[in-house]
Each structure stands twice: as structure tokens, then as C-alpha cells.
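Residue strings, one per chain:
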2 protein chains.
Amino acid sequence: MTAPAGLQLPNWLDAAALSHPMKRALSFANNHWTYADLHRSTSLAAAILADARGQEAGRIGILSANRPGFVFAVHAATRIAAPIVPLNWRQTSEEIAWQLRNSTVRVLVVDDERVDLASRACAGLPITIVAMKDLERASVLPKSLNGEEPRIDLGQEAAVIYTSGTSGRPKGARISYGNLWFSAIGSALHLGHRSDDVWLAAMPLFHVGGLSILFRAVIGALPVVLQKRFDPESMISAIAEGATLVSVVPFMLQRMLEVHGDARWPASLRRVLVGGSSTPPSLIEECLRLGIPVAPTYGLTEATSQATTLLPEEAVSKPFSSGLPLPLTEVRIIASSGAASPGESGSIEIRGPTLFAGYLGDEDRSAGITADGWFQTGDVGYMDDEGFLYVVDRRDDLIISGGENVYPAEIERVLRGHPSVVDAGVIGVKDGDWGSRPVAAVVWRGDPETAAANLLRHCEERLAGYKIPDHILLLPELPRSTSGKLLRRELRAQIASIEEMSATGN
Amino acid sequence: MTAPAGLQLPNWLDAAALSHPMKRALSFANNHWTYADLHRSTSLAAAILADARGQEAGRIGILSANRPGFVFAVHAATRIAAPIVPLNWRQTSEEIAWQLRNSTVRVLVVDDERVDLASRACAGLPITIVAMKDLERASVLPKSLNGEEPRIDLGQEAAVIYTSGTSGRPKGARISYGNLWFSAIGSALHLGHRSDDVWLAAMPLFHVGGLSILFRAVIGALPVVLQKRFDPESMISAIAEGATLVSVVPFMLQRMLEVHGDARWPASLRRVLVGGSSTPPSLIEECLRLGIPVAPTYGLTEATSQATTLLPEEAVSKPFSSGLPLPLTEVRIIASSGAASPGESGSIEIRGPTLFAGYLGDEDRSAGITADGWFQTGDVGYMDDEGFLYVVDRRDDLIISGGENVYPAEIERVLRGHPSVVDAGVIGVKDGDWGSRPVAAVVWRGDPETAAANLLRHCEERLAGYKIPDHILLLPELPRSTSGKLLRRELRAQIASIEEMSATGN
């Protein structure tokens, strides 16, 4: 549910700059901006964007790596009440062009490295390209700022964020300012809020998981340490320099542990949010052993990032859980028979003021929203008798084998529990007898000759017979998205080609 | 501004009880309630209140000292979406009766000590009296709860809180659930929010300053240590036992310092909010010397308590200030020439989502609200060049006596109601014990010998004890402007010279 139009708050960057002008707002590489600096840079950027946008009501696309101008552009768009469309630049120009058309982008902010990609994607479209460096270097404030809005209307659209959508076309989720604000507040209430907190942002800002950090920070008047790309050494340095709140995906955390070894982590580090239901419990346990305040999190674009988070102090007793719902988020489990009992798996549904305003082209949110406002996430999970959520799997990935539900994530977790397994992915393949059967791909660091027998025994000890993969293939690495999510369609294609080769005797 | 109807949040007590059932929610004397306990007691109280209310849409009055049932009643009323009217029990039965009628109270919750007062106040009114002890002792949940609302509509009225208007009759300020929620969030963002915070509530819950603590606590899933009345020893004990957030008025703080002496205050104490612009800077300085994290605060009923708060770390350099606006509150100063410059005094105006929904009988908020939503507080102050507020004078005439607002106009109205009084004027004079005390000047057309006793009796029948003037002087006439307005400064000078004469024996 989104806030009805009309409820307005003071512009959050204005409020932060007014009250804390000399407080650090942003760090990038060796540069720092106070809130007064950020306010000024944002005003300059807003003037440029307003000028480029003219009288058009179109959205403002951002095609850029993480950098200061990305932050300026985001806050500048808020200032002129223009919705942004952060674009995943790992996509092809065709994919980007489709999203630009779908979301009627009229101004596209592009960093130096993506000028060619942008011009291919914009070919034939009525889009004004603004160079990121022009936003960043602007220094002369215009006399009057066209379309500047002093307050923020919580009911208004703030962003269209495309969800990767494991199947088919990406869908543009419409996120309101209210969604972002309530998400930041729910997060602050859940994680605690201290004036000396510092957010570390290393995930791409084009994903909701990265973007939402900017809003949590400005709404709480906290600094963001922004990193261009994930680099374990830089993360560790930023934490040593005082970052207290970190958000990562499992593979990032894994790499940080490898680099950092058994060295002591600073006591100032308060929470390390780890997104993704596929976080191996062994990773959580390793963090707990090392004193890392790990906070497994279940989030999704449609709920404006965080929906549930397990707090470090709870992780000891419930290392497999994704935690309790944030205070403003309602979560329920619907089984085939209705509301699920504790421990019973079913569809995860979410309600509350962080819930998006619908997909582009589906403005009445008829898709996946019940009459009383529950969003059907498509994910499968259960809650224990204390209300802690356990995410079992994405429904899209469900394998139904002989009438039994088989969740790839469960098998992947078991496989990753083997000491010689670096990574594991499971997909379902059609089967004449069973409907569908699980097949696994594994990155193996032992003797390949022993892998199959070893893993089979490992699985047999831990899984019901119908969940044991029919085949286990060894791969040098698995296809993962920039946010670390397993790309099952690509894995499926790889597995299909390998199976085809072996079938033909190649 | 209040939230438009339609924006709903999960019931905050449900959310706290769901996530933190075993966490302490309330302490009173030597009794403790977990959030699960509070949830259950509230459900029982809600059933009783819903039953007493029947199909009527009237409000629920509360006439009680601070005690657990007050807390149950507040949350129970939220559960059945019935607005509460917390009543100042230091008033006379006539004053209370007027407020009961004005706010169409249909159910009145009364503690043991106020049964007589309640029955006098309710005489002839269609009001069902519910004994507080019945709310507190209830133990059997009814099968179905009449009118229970699972969610909270932020646009809906939550409470009517009477402020004694400058012009005689008290005015009922309509506070919405949104006002309470945004106030709690603004406070949490400003003061910081830690899961181990504990609120200490010793101010009367019938004032917005006490009542709002209940909402800050439940919205943050924090415990409240509730005290029946102010007692410095009990306050000091509660702080020693871990209360981290305290809200007091200056005379309470003064008494705590006297009792505690130079002993060390616990490091766990994070913020001591001190309301009232009349806080002597010497008191602030004494707190700073003793390491008490004092946080001078400017608040008012119409902005749902806190509007600005000086943080302890800022108090060293600005001990005279009431601090920066809370993040969701806009404050501006309007001088006669328009927007005031830094340092220039003017009328303090406030805007934002904590601003009340208008006074009863003035639902369109035409009184004191500009077209673009600024509330004219009537208080006078200035902001420095860093945006810190300095309150110069609370409404022109307000007398704050022992933390209670005493409005001269109200006493004047009572005095003028006496058949022998031709004219009456009241001012506040400084008082070592109470901060300020009312003194009256009267033009009397009867026997001067009988005036004092006569007027005292007249006042005692109509005014709470703390509103009765300390002295009543007889004057041949009062200083008034050509338009008939009482010239209080001149009156003050006249009274001062008369008192000085009597002090010197002249």
C-alpha cells in the first residue's frame, strides 16, 4: 500500500542539511561531502535535470556505476519530484532500450564508461542524455530552479525499479516516496538508530538493496561510504574506519571473510545485513564464531528492500531464519489450506506501507495483490511459533517431482554444507516419469573423480530420496547476477548444453 | 497537518507483542508487564470499553492518576479506534463537566480516588462510568471483540487534549494517530533509538508530555517505567535501574538534583528532556557540570509534544537554546516585517505531520493556521544562524506553575464572573518553588474588607488549586489600551510597585 497523495514531509535532504550542515554525508574514494556540500551539489544537479527535462513529465533514467553523481542525481530528482529509473548496466543495449521505452524515460544520466551503451540504447528514442560529469562538476546555481519542490509528497512515485524477474520480461516496480520513507523508518526501528552510525554501500545503486541505503542515510542524517564496486579490501578498510551498518549478499561476505581471516573485527560494526535466502548457514555460523554481527535479511523490490531481518543477537539461536518482520511490515504464510500453522510452509505474503504501488502497466496492482492489500511474493517459506520467517525458496524455482514439492534452495544448502563445495545451484529438468527432477551444478575444490560418490552419500544422509539430484555436474563457476543472485535461466542453459553434449557422446 | 484517512499501519502494540512478547513493556511500583502481558491486558480492557461504549461513537474520557490501567485504557481505545480524552483531575468538577460535554465523552474511566469527582462532573450527562480497577482486574476475554480494529488509520482522531487557550475556555486539540506516530518517529530520529532504551514517565499522562511517552515506547517496542506521581527518589532509583530516556519539567529536575547531590549519574542515562522555555540556564549549566545529559525541549500540545530538542552534546555551546527542530517538524519565525533574520525575534510557527487536526468546534483549523499549513503557536522566539531555536516568551501571558500551564485569561474570566468585580487582570510573578505564580488585580465595587475572602471562595469553587492567585490586589482601574486590551506590562509594573511597597512596610 502506498501513502495517499497529500501527506507531505519536509524534504529530507533539506532537513538533514539544515540541522547537520557540517556532518559528513558522503564519502567516495578519498573525497568527502558534508550535508551542506551534498545539499549544494544536489541543488546544482536539480537545476541541470530540471532544465534537461523541460516541460516533459517523463522519468529520469540513471545508467551509471556507483559514484557521487549517482547520489546527486537521486536527491536532485527528489527535489524536482521527478521519478528515477535506475538501470542495470550489465544488460544489453536492447534490454536497456526496452526499459527506457517501457518507463518513458526522457532524461538519461550516464557516466563516462557507459556513453556508447547509452547512445545505442537511446537510438531513436526522444531522450536527452546528461553526462554524469556535468552533474558532478556543476558550480553555478541558476537564479531560479524550475519545478523545485520544497516538500516531499509521500504518495508520489519516486522510482521505477526493474525486478530481474526469474522468468520472462523484467517488471518495473513503482516505488513511492512513502515506500522509501516507511522502509527507512522500519529499518531504523528494527536495527536501531544512532547519530554516529555510518552506512557502507557497495552494492549497485541500481538495485533496491543499494538504492535504499541512500534513503536510510539521508532520512537518518547519516553518512554513506559509497564504493564503486565490491572489493573486499575496501570494505574491510571502510569498516575499520568506522562504518557501522553494512549491506551485502552472501558471496561478498564470503570474500570478506577469506580476505580478513581470523583477525578481529571492530566493535563499532553493528549490523551486517546479508540478503538472499540462499545464505548458507555455515556462513552465518562462521560469522558468529568470528564475532561479526551478521543480520540475515529477506527483502524484495516490491517491498522496497528489507521485509524481515534477523538481528545478530538472535542469529545464535536461529541461524537458518531471516528474522522477524520490520515493525511496519506485516508478513503472513498462506498454505493451500489457508493460513499456515507455525512450521508449515506456504506462500509468503506481505502488507504495509513499504509495499510498492504496482508494476508499470498494472497500476491498479491487480497482479499479485489481494483485495485487502496482501502482496503475494511468490516466495515460499514458513514462520516458527515466535514469528521468525524461514525462506524456503522462490516459488518460480519450485520443482514438483511426483507430486512432491522440491525446493532447489534446500538442496543447494545441503550441497554447500559439504566442505569441498564452493558453490552449488539446482534446477528442475523435465522428466517423463516424475514431471520434473532436480539436477545440480557444483563448484568443487577436491578431486573431481571422487565428487559424485562423495556428494551422493552426503545428500543421502541429509535429504529425502526424491530430493536427491539425478545428476550432479561440476562447473568452474556458476552464473550469478551483480547482486549475487543465482541466474537459474543461465544455469539451466549451461546444464542443458552439457547434457546435450554428453547425450550426443561429445 | 494530519495524515489523510486511508494510510494504515499495523497496530503498534500488536507489532511489538508479536516481535517482542517477552520484552518488558511496563513497570509500575514493583509490578512488571511484558509486551505479551500488555497485549493481553489491553485486549481485556478493549472488550470492556467496547461493551460500555455500545453503538455510540462518543469519546472515552480518562480521569485517573498515572497507573497501569491508564496505559491499558489508552492502548485499548486505540484497538477499538475510539478517541480518548485524558482529563486533568486537578480541575474542579465544573471544569471537567464542561470538557466532558464539549468532547461528547460517553464512557469515563475513573480510578478509585476520583470516583466522587467523576460522579459530580458526570451529573446529568449520558456517560457510563467504568472503574479503573475493573479494567485492571479483567481476566476473561470475551468471545468476540466488538469493533476491534486490527490496523491503525493514521488519519483518524486518537485523542482530544485540552489546552487552556489564552482567551478563557480551554480548547480541545484533536490529535490523530498519525500525529502521535510521526511525533514518536521524529523523536526517535532526533534522540536516537536503541533496543535497550527505557522510558521513564513521571509526568501526568493527561498532559501531552506524559501521554506521548506511551506512544514513543510502544512504537519503538521499548519499556515504560511509569510513576504514579513525581518523587525525586523514585526517579533516581528508576534511572539507577536502567531508565535511559527521561522527560521532566524544570522544577522536577531541580528537585532531583537537590536529592541526588553530587553523586555520579549512571552512564546508561542518555537523554533528560526538559520541557518549558522557563528552564533557568543555571539549571542547564548545573546539569552539564554533573554530567547529566540534559536536553531542553520546546513542545506544545498542538504539535503533539516535542517540536525542538537541544541534544546534550549541543547544550555546552548553546545552553539557552531549545535546540533544532525534530526532523519531521518545520519551524519558522515570522517578525512583523515577514520572515525573521537569524537572531530576530518573532512569532514561532510550526508545520509538519505532527501538527494537530484543529480544535474541537474549529475542525477546519481556521484558527491560527495559515493557508499553507503553518500553525501560529503564539509563542515568541528567534533562531540563530545555525537554526537553533530560542524561545523568548511562551504565549504572551502564559504562567507555568509547577509544570502546569496557567492562563491568565481563564482566571480573569472567573474573577469577572463575580457580581462585585468590575474588571480583572492576572499576571505571573516569579516564584522560587513553582517557577511562576498567578497574581490578580481587581476593580471591586463592594466593601473592600470583604473582597479577598469573597474572591478566594469564588475562585476555589471554580478553579483548580494551582490556578488560584497567590494575591489579589484591588485597584481603582486597570491599564487598558484604547481598544480595551489589557496592558499587561503596565499592570505588571503597577503590581510590582505595590508589592514592593508592602514588602518595605510602606
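**Regarding the overall build of chain A**
The helix and strand tally for chain A stands at 15 helices and 27 strands. Against the 2.2 N^0.38 benchmark of 23 Å for 506 residues, chain A shows a C-alpha radius of gyration of 23 Å, consistent with a compact globule. Taking the principal axes of its C-alpha atoms as reference, chain A extends roughly 75 × 50 × 45 Å. Pairs at least 24 residues apart make up 66% of the contacts formed inside chain A by residues separated by at least 6 positions. Carbon and sulfur atoms form 50% of the exposed surface of chain A, whose accessible area is close to 19800 Å². Of note, chain A has its 47 positive side-chain charges centred 5 Å away from the centre of its 57 negative side-chain charges.

**So, the packing of aromatic side chains**
Note on aromatic pairs: each is described by the distance of the centres and the angle between the planes. Summed over the entire model, instances satisfying the criterion amount to 24 aromatic pairs over all chains. Look at A:Trp89 and A:Phe206: their rings are 6.0 Å apart centre to centre, the planes differ by 85 degrees, and that puts the pair in the edge-to-face class. On the criterion of sequence distance, the pair formed by A:Trp89 in the loop between β5 (84-86) and α4 (93-102) and A:Phe206 in the loop between β11 (199-201) and α8 (208-219) is long-range, its members being 117 residues apart. Residue A:Phe206 is classed as buried on the basis of its relative accessible area, which comes to 3%. Ring centres 4.8 Å apart and planes at 65 degrees place the aromatic pair B:Phe356 and B:Tyr359 in the edge-to-face group. Accessibility assignment for this pair places B:Phe356 and B:Tyr359 in one class, buried.

**Digging into the packing of helix α7 (residues 177-191) of chain B against helix α8 (residues 208-219) of chain B**
Residue and element names in this part refer to chain B. The N-to-C vectors of α7 and α8 enclose an angle of 70 degrees; their axes lie 9 Å apart at closest approach. Taken as axis vectors, α7 and α8 run roughly perpendicular relative to one another. Residues Leu 180, Trp 181, Ala 184, Ile 185 and Ser 187 of α7 touch α8, and the partners they reach there are Phe 215, Arg 216 and Ile 219. Residues belonging to the contact of α7 with α8 are distributed by class as follows: six nonpolar, one polar and one charged.

**Looking at the environment of A:Val429**
Residue and element names in this part refer to chain A. By the element assignment, Val 429 lies in strand β25 (residues 421-431). Since its relative accessible area comes to 23%, Val 429 is described here as partly exposed. Here the alpha-carbon distance between Val 429 and Asp 231, two residues 198 residues apart in the chain, equals 36 Å.

**With respect to the sheet that holds strand β13 (residues 245-248) of chain B**
Residue and element names in this part refer to chain B. What the nine strands build is an open sheet, ordered β3-β2-β12-β11-β13-β14-β15-β16-β17; its pairing is mixed. What marks the edges here is a single partner per strand, and that holds for β3 (31-34) and β17 (324-325). Relative to strand β16 (residues 305-309), strand β15 (residues 294-300) runs antiparallel, the two being bridged by four bridges. Paired with Gly 299 across the two strands is Gln 306, which belongs to β16.

**Considering the interface of chain B and chain A**
Each side of the interface is counted separately: chain B has 32 residues, and chain A has 32 residues. With both chains or domains summed, chain B and chain A bury close to 2800 Å², and 68% of this area falls on carbon and sulfur atoms. The tally of links between chain B and chain A comes to two salt bridges. Between B:Glu330 and A:Arg151 there is a salt bridge, with the nearest N and O atoms lying 3.1 Å from each other. Taken together, the connections running from chain B to chain A amount to five residue pairs in polar contact (both at pLDDT 80 or more). Looking at the side of chain B that touches chain A, the elements with two or more residues in it are β1 (8-10), α1 (12-19), α7 and β17 of chain B. Taken together, the residues that form the side of chain B that touches chain A break down as 20 nonpolar, seven polar and five charged.

**Considerations on the nonpolar core**
A:Trp181 and B:Trp181 are the most contacted members of the largest nonpolar core, which has 168 residues in total. Setting aside residues no more than four positions away along its own chain, B:Trp181 makes contact with A:Trp181, A:Phe182, A:Ile185, A:Leu328, B:Leu9, B:Trp12, B:Leu154 and B:Ile219. Formed by 33 residues, the second largest nonpolar core is a distinct cluster that contains A:Leu200, A:Val225, A:Leu283 and A:Tyr390.

**A short note on helix α3 (residues 68-79) of chain B**
All names here are of chain B. Given a rise of 1.5 Å per residue, twelve residues ought to cover 16 Å, and the 17 Å separating the end C-alpha atoms of α3 matches this to within 8%. A large share of α3 lies buried, amounting to twelve of its twelve residues. Just downstream of α3 lies Ala 81, where phi reads positive at about 55 degrees.

**Considerations on the pattern of salt bridges**
Taken as a whole and assessed by the stated rule, the structure comprises 48 salt bridges over all chains. With a shortest N-O distance of 2.6 Å, B:Arg90 and B:Glu404 are connected by a salt bridge. Of the two residues, B:Arg90 sits in the loop between β5 (84-86) and α4 (93-102) while B:Glu404 sits in strand β24 (residues 404-406), which places them 314 residues apart along the sequence. The residue B:Arg255 makes a salt bridge to B:Glu258 at a minimum N-O spacing of 3.0 Å. Of this pair, B:Arg255 and B:Glu258 are both found in helix α10 (residues 250-260), three residues apart, which corresponds to roughly one turn of the helix. On the accessibility criterion, B:Arg255 (35% relative accessible area) is partly exposed. Look at the salt bridges and you will find they share partners, linking A:Glu412, A:Arg416, A:Asp423, A:Arg480 and A:Arg488 into a network.

**Points about the confidence of the model for chain A**
Do not read the fine detail of predicted coordinates wherever pLDDT is low. Residue and element names in this part refer to chain A. Residues with a pLDDT of 70 or more make up 91% of chain A, whose mean pLDDT is 89. In this model, residues 1-5 is a region of pLDDT below 50 whose contacts with residues beyond four sequence positions or in other chains number 27 contacts. Under the prediction, the complex receives an ipTM of 0.81, its pTM being 0.83.

**Quick look at the sheet that holds β11(A)**
All names here are of chain A. Ordered by their spatial adjacency, nine strands build an open sheet running β3-β2-β12-β11-β13-β14-β15-β16-β17, and the pairing between neighbours is mixed. Strands at the two margins of the open sheet, each flanked by one partner only, are β3 (31-34) and β17 (324-325). With two bridges connecting them, β11 and strand β13 (residues 245-248) associate as parallel partners. Directly across from Leu 200, in β13, lies its bridge partner Val 246.

**What about α8(A)?**
Here α8(A) contains twelve residues, and its C-alpha end-to-end distance of 16 Å stays within 8% of the 16 Å for a straight helix at 1.5 Å per residue. Across the twelve residues of α8(A), twelve count as buried, placing the element largely inside the fold.

**Quick notes on the pairing of strand β15 (residues 294-300) of chain A**
Residues and elements named next belong to chain A. With six of seven residues buried, β15 is to be regarded as a mostly interior element. Here four bridges tie strand β14 (residues 271-275) to β15, and the two strands are oriented parallel to one another. Within β15, the position partnered with Val 274 by the bridge is Pro 296. Linkage of β15 to strand β16 (residues 305-309), two consecutive antiparallel strands, is achieved through a turn of four residues, within which Thr 304 is found at a positive phi near 55 degrees.

**What about the pairing of strand β7 (residues 128-131) of chain A?**
Residue and element names in this part refer to chain A. The sheet contact formed by strand β6 (residues 105-110) and β7 spans four bridges and is parallel. Each residue of the ladder has a partner; that of Val 109, found in β7, is Val 130. For the handedness criterion, the β-α-β arrangement of β6, helix α5 (residues 115-122) and β7 is classed as right-handed.

**Description of unusual backbone geometry**
Backbone geometry places A:Ala29, a non-glycine residue, at a positive phi of 50 degrees. Looking at where A:Ala29 falls in the secondary structure, it is placed in the loop between β2 (24-28) and β3. Positive phi, normally seen in glycine, also occurs at B:Thr304, with a value near 55 degrees. Positionally, B:Thr304 belongs in the loop between β15 and β16.

**Quick look at the environment of B:Leu456**
Residues and elements named next belong to chain B. Tracing the backbone through its elements, the reader meets Leu 456 in helix α14 (residues 448-462). Given a relative accessible area of 36%, Leu 456 falls into the partly exposed group. Along the backbone, Leu 456 and Asp 470 are 14 residues apart, and their C-alpha atoms lie at a distance of 9.6 Å.

**Here we look at the environment of B:Val391**
With respect to the helices and strands, B:Val391 occurs in strand β22 (residues 389-393). Here the alpha-carbon distance between B:Val391 and B:Ser347, two residues 44 residues apart in the chain, equals 9.8 Å.

**Quick word on the side chain of B:Thr163**
Residue and element names in this part refer to chain B. Mapped onto the elements, Thr 163 comes out in strand β9 (residues 157-164). By relative accessible area, Thr 163 is classed as buried at 5%. Beyond its immediate stretch of four places on either side in the chain, Thr 163 contacts Pro 170, Lys 171, Thr 301, Glu 302 and Tyr 359.

Parameters at a glance
- Residues numbered from 1 in each chain as written.
- Chains lettered and ligands numbered in written order.
- Predicted model: local features only at pLDDT ≥ 70, side-chain atom pairs only at ≥ 80, totals over all residues.
- Heavy atoms only, no water.
- Helix = DSSP H or I, 4+ residues; strand = E, 2+ residues; numbered from the N terminus.
- Rg over C-alpha atoms; globule rule 2.2 N^0.38 Å.
- Contact = heavy atoms within 4.5 Å.
- Areas by Shrake-Rupley, 256 points an atom, 1.4 Å probe, with all protein chains shown as cover.
- Lys, Arg positive; Asp, Glu negative; His and termini not counted.
- Charge placed at Lys NZ, Arg CZ, Asp CG, Glu CD.
- Phe/Tyr/Trp six-rings, centres within 6.5 Å; stacked < 30°, edge-to-face > 60°.
- Buried < 20%, exposed > 50% of the residue type's maximum accessible area, 1.4 Å probe, protein only.
- Axes fitted to C-alpha atoms, helices over the stretch in contact; angles between N-to-C directions.
- Parallel < 35°, antiparallel > 145°, perpendicular 65-115°, else oblique.
- Nonpolar A, V, L, I, M, F, W, Y, C, P; charged D, E, K, R; others polar.
- Pairing = 2+ DSSP bridges.
- Buried area = accessible area lost by both parts, 1.4 Å probe.
- Salt bridge = Lys/Arg side-chain N within 4 Å of Asp/Glu carboxyl O.
- Polar contact = N/O pair within 3.5 Å; in protein donor to acceptor, adjacent residues only side chain to side chain.
- Core = buried A, V, L, I, M, F, W, Y, C linked by side-chain atoms within 4.5 Å.
- Expected span 1.5 Å × (residues − 1).
- pLDDT = per-residue confidence, 0-100.
- Right-handed = clockwise from strand over helix to strand, strands pointing away.

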